[in-house]
Amino acid sequence: MSEFTYELPDNKSFFNTVTTILKSDPKYAGYKYYNIVKDGYCEISDTSNFSGKRWNAMYTSVNFYISQNAYAEHASDILVLYLESQNNQK
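Cut-offs and rules
Residues numbered from 1 in each chain as written. Predicted model: local features only at pLDDT ≥ 70, side-chain atom pairs only at ≥ 80, totals over all residues. Heavy atoms only, no water. Helix = DSSP H or I, 4+ residues; strand = E, 2+ residues; numbered from the N terminus. Rg over C-alpha atoms; globule rule 2.2 N^0.38 Å. 1 Å grid on protein atoms, 1.4 Å probe; cavity = no way out; pocket = protein on both sides within 12 Å on 5 of 7 lines; lining within 4 Å. Points joined across faces, edges and corners; volume = space filled by probe spheres on them. Buried < 20%, exposed > 50% of the residue type's maximum accessible area, 1.4 Å probe, protein only.

Visitor: Describe in detail the overall build of the protein chain, supporting the description with residues and values.
Guide: Of regular secondary structure, the protein chain possesses three helices and two strands. In sequence order, the secondary structure elements of the protein chain are arranged as α-α-β-β-α. Over its C-alpha atoms the protein chain spans a radius of gyration of 16 Å, topping by over 25% the 12 Å that the globule rule assigns to 90 residues. Counting only C-alpha atoms and orienting by the principal axes, one finds that the protein chain spans roughly 45 × 35 × 25 Å.

Visitor: Could you give me a rundown of the layout of surface pockets, with the residues and numbers involved?
Guide: In this model, the second largest pocket occupies a volume close to 210 Å³. Every residue along the wall of the second largest pocket is listed here: Y33, I36, V37, F64, I66, Y71, I78, L81, Y82 and S85. Sorting the residues of the lining of the second largest pocket by element identifies α2 (33-37) and α3 (68-88) as the ones contributing at least two each.

Visitor: Before we move on, can you summarise the environment of V37 with the specific residues and values?
Guide: Looking at the secondary structure, you find V37 in helix α2. According to the relative accessible area criterion, V37 is buried, its value standing at 13%. Considering only alpha carbons, one finds V37 and Y65, 28 residues apart in sequence, at a separation of 7.5 Å.

Below you can see the structure in the form of structure tokens.
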């Protein structure tokens with residue numbers, strides 16, 4: 001097997017791409033993801049732990065951050081999205 005190589009994307013470029021998709025893709029139109037995250041940012045971090053899901057692949061985490069004001073304004077939407085995600089995992 002060949003070695004797994006991957007360069008992490010730039011945080012800002014990745015975040016801009018995600019927000020563009022959330023704003024433009026009809027698949028997400030019924031949700032308020034874009035309004036929740038639009039003024040936030042993200043950080044992408046790699047680890048030294050193997051994922052175990054792909055040969056030689058390492059775990060990577062993406063953390064999204066939103067302002068306290070955005071959280072307060074959209075708290076009920078965030079709760080609904082969280083509960084829906086929990087129901088979808090069952």
